[in-house]
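A structural walkthrough
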Amino acid sequence: MYKAEDADLPTVSILLAVYNEQKVIEHKLQSSFKTSYPLEKIEFLIGSDASTDETNEIIARYQSQYPQIKLVPFEGRTGKSGIINQLATLAKNEIFILTDANVMFKEDTIYQLVKHYKNQEIALVGGNIQNTRLKKDGISVQEKSYLSRENKIKYQEGLLWGCMIGAFGGCYSVRAHYYAPVPPVFFMDDFYITLNVLEHGGKALNELDALCYEDVSNKSSEEFRRKVRISIGNFQNFGRYAHLLWPPFTGLAFSFSSHKVLRWLGPFFILLMLISSVFLSMQTLFFGVLLAGQLVLMMTPLLDVMLKKMNIHVLLLRFVSHFYLMNLALLTGFFKYIKGVETNIWKPTQRYQ
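First things first, this report covers the structure right here in the doc. The structure presented is a predicted model; accordingly, all values stated were derived computationally and were not measured.

1. Details of the nonpolar core
Leu15, Leu98, Leu124, Val174, Tyr179, Ile193 and Phe256 are the most contacted members of the largest nonpolar core, which has 47 residues in total. The biggest single contributor to this core is helix H6 (residues 189-199), with 6 residues. Setting aside residues up to four positions removed in sequence, Leu124 forms contacts with Tyr117, Met164, Ala167, Tyr172, Ser173, Val174, Ile193, Thr194, Val197, Lys203, Ala204 and Leu205. Within the second largest apolar cluster, 39 residues are counted, among which are Val18, Leu29, Ile58 and Ala101.

Shown next, in the form of structure tokens:
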């Protein structure tokens with residue numbers, strides 16, 4: 001909740017790209033305008049990416065109640081980053097808030113996202129996305145655990161060095177003059193924009209009080225597909241921003257390498273360990289046992305699927321299974337990146353899985 005001394009709060013432009021979001025768009029609009037932030041300081045630009053369901057009609061109904069809403073329909077599929085790039089050229093205010101249709105705000109989320117901008121060094125602030133609708137029959141528990149740790153790591157990066165490595169695309173804010181148009185066919189626009197801020201000397205924070213809520217992925221197949229898309233964007237951004245790893249003894253280089261680059265190399269480390277174990281197992285029984293253990297662990301996704309069909313859900317087993325599947329998604333994304341990306345138009349993850 002903002003205070004009287006915050007009367008000089010900045011004006012904000014909320015930018016949102018949507019494609020067939022009739023299941024969530026009404027709730028999104030309600031949560032956005034049920035805010036403690038002064039409505040006269042908000043504009044809401046929505047780009048509809050050739051939606052074919054009732055998304056546009058729902059938005060149009062809310063325009064009569066909230067004149068801050070501007071709907072920009074796109075006749076052909078454009079992709080999220082292309083739409084946000086165009087909305088950014090239409091936005092009039094000094095702070096952009098970029099968000100997703102399935103991420104719901106609390107009353108003070110907007111305020112928490114912009115309160116740091118009194119400090120002119122702050123250029124980007126990430127939100128704290130909390131996951132809802134946890135179910136034991138899928139991967140939502142594992143994803144919640146992963147995202148919780150991600151939030152804490154990003155908070156510490158911002159606190160120590162002002163270099164949070166990558167805002168969650170579902171909810172973050174950025175100064176308008178730090179916004180960089182995302183190149184064509186790039187995935188991971190949020191990561192691109194965050195690293196552009198850091199490249200140009202701005203500071204990026206993660207604000208844990210900027211709470212918002214998202215329905216968490218529960219289907220392995222949907223999350224695998226999403227992680228492949230993320231992986232493509234990771235390697236695209238690595239090619240663009242690898243120079244930030246030098247000089248090596250800085251908070252930015254340490255955060256980038258330890259938090260992101262080492263994780264992206266994870267599938268290659270796993271393969272290297274497996275190949276090394278094959279050769280070493282020919283020398284001693286000890287390494288033969290280690291090789292057998294690795295092979296057993298790598299079979300956990302198959303075992304997990306078999307148990308799931310029998311309605312048996314083993315929490316620890318699914319953590320191991322999820323680890324290997326997500327590394328496989330990283331590897332798949334790498335080869336898709338090497339092959340070449342022709343489009344970044346995406347099919348959104350299923351809502352309310």
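Having put the structure on the table, let's press on.
2. Examining the packing of helix H8 (residues 251-264) against helix H9 (residues 266-281)
The description of two helices packed together rests on the angle between their axes and the distance between the axes. For the pair H8 and H9, interaxial distance at closest approach is 4 Å and the crossing angle is 50°. Viewed along their axes, H8 and H9 adopt a mutual orientation that is oblique. Along the contact surface, H8 presents Leu262, Arg263 and Trp264, while H9 presents Gly266, Pro267, Phe268 and Phe269. By residue class, the composition of the contact of H8 with H9 is 5 nonpolar, 1 polar and 1 charged.

3. Topic: helix H5 (residues 140-161)
Here H5 is 22 residues long and its end C-alpha atoms lie 31 Å apart, about the 32 Å a rise of 1.5 Å per residue gives. Among all positions in H5, only Ser140, Gln142, Glu143, Ser145, Leu147, Glu150, Asn151, Lys154, Glu157 and Gly158 are buried. Where H5 is buried, its residues touch strand E6 (122-132), strand E8 (203-215), helix H7 (220-241), H8 and helix H12 (315-339). The positive-phi residue at the C-terminal boundary of H5 is Gly162, with phi of around 70°.

4. What about the packing of aromatic side chains?
Aromatic ring pairs are reported here in terms of the distance separating the ring centres and the angle at which the planes meet. Across all of its chains, the model carries 18 aromatic pairs by this definition. Both rings, one in Phe238 and one in Phe256, keep their centres 6.5 Å apart while their planes meet at 75°; by these two values the pair is edge-to-face. On the criterion of sequence distance, the pair formed by Phe238 in helix H7 and Phe256 in helix H8 is long-range, its members being 18 residues apart. Look at Phe256 and you get buried, because its relative accessible area is 0%. Ring centres of Phe238 and Trp264 lie 5.9 Å apart, and the angle between their planes is 75°; this geometry places the pair in the edge-to-face category. Within this pair, whereas Phe238 is found in helix H7, its partner Trp264 is found in helix H8, the two being separated by 26 residues in sequence. Taking relative accessible area as the criterion, Trp264 reaches 3% and is therefore assigned buried. Site record: aromatic cluster; members linked through ring pairs are Phe191, Phe235, Phe238, Phe256, Trp264, Phe268, Phe334, Phe335 and Tyr337. Positioned above the aromatic ring of Phe105 is the side chain of Lys28, whose terminal nitrogen or guanidinium carbon lies 4.0 Å from the ring centre. The positively charged end of Lys154 is found above the aromatic ring belonging to Phe168, 3.6 Å away from the centroid.

5. Quick notes on unusual backbone geometry
Glycine aside, negative phi is the norm for most residues, and most peptide bonds take the trans geometry. Geometrically, the link from Trp246 to Pro247 is a cis peptide bond, its omega value of 0° lying close to zero. Checked against the element boundaries, Pro247 lands in the loop between H7 and H8. In this structure, Val185 is a non-glycine residue whose phi angle is positive, near 60°. Within the fold, Val185 resides in the loop between strand E7 (171-175) and H6.

6. Quick word on the pairing of E8
For strand E5 (residues 103-105) and E8, the ladder comprises 3 bridges, and the chain directions are antiparallel. Of the residues in E8, the one forming a bridge with Met104 is Tyr213. Of the pairings in the sheet, the one linking E6 to E8 comprises 9 bridges and is parallel in character. Each bridged residue has a counterpart across the sheet, and for Gln130 the counterpart in E8 is Tyr213.

7. Quick notes on the pattern of salt bridges
Taken as a whole, this structure holds 15 salt bridges when the rule is applied. In this structure, Glu121 and Lys203 form a salt bridge, with 3.4 Å as the shortest nitrogen-oxygen distance. Taken as a pair, Glu121 in the loop between helix H4 (109-114) and E6 and Lys203 in strand E8 lie far apart in primary sequence, 82 residues in all. Between Glu150 and Arg263 there is a salt bridge, with the nearest N and O atoms lying 2.6 Å from each other.

Conventions used here
Residues numbered from 1 in each chain as written. Predicted model: local features only at pLDDT ≥ 70, side-chain atom pairs only at ≥ 80, totals over all residues. Heavy atoms only, no water. Core = buried A, V, L, I, M, F, W, Y, C linked by side-chain atoms within 4.5 Å. Buried < 20%, exposed > 50% of the residue type's maximum accessible area, 1.4 Å probe, protein only. Helix = DSSP H or I, 4+ residues; strand = E, 2+ residues; numbered from the N terminus. Contact = heavy atoms within 4.5 Å. Axes fitted to C-alpha atoms, helices over the stretch in contact; angles between N-to-C directions. Parallel < 35°, antiparallel > 145°, perpendicular 65-115°, else oblique. Nonpolar A, V, L, I, M, F, W, Y, C, P; charged D, E, K, R; others polar. Expected span 1.5 Å × (residues − 1). Phe/Tyr/Trp six-rings, centres within 6.5 Å; stacked < 30°, edge-to-face > 60°. Lys NZ or Arg CZ within 6 Å of the ring centre and 35° of its normal. Pairing = 2+ DSSP bridges. Salt bridge = Lys/Arg side-chain N within 4 Å of Asp/Glu carboxyl O.

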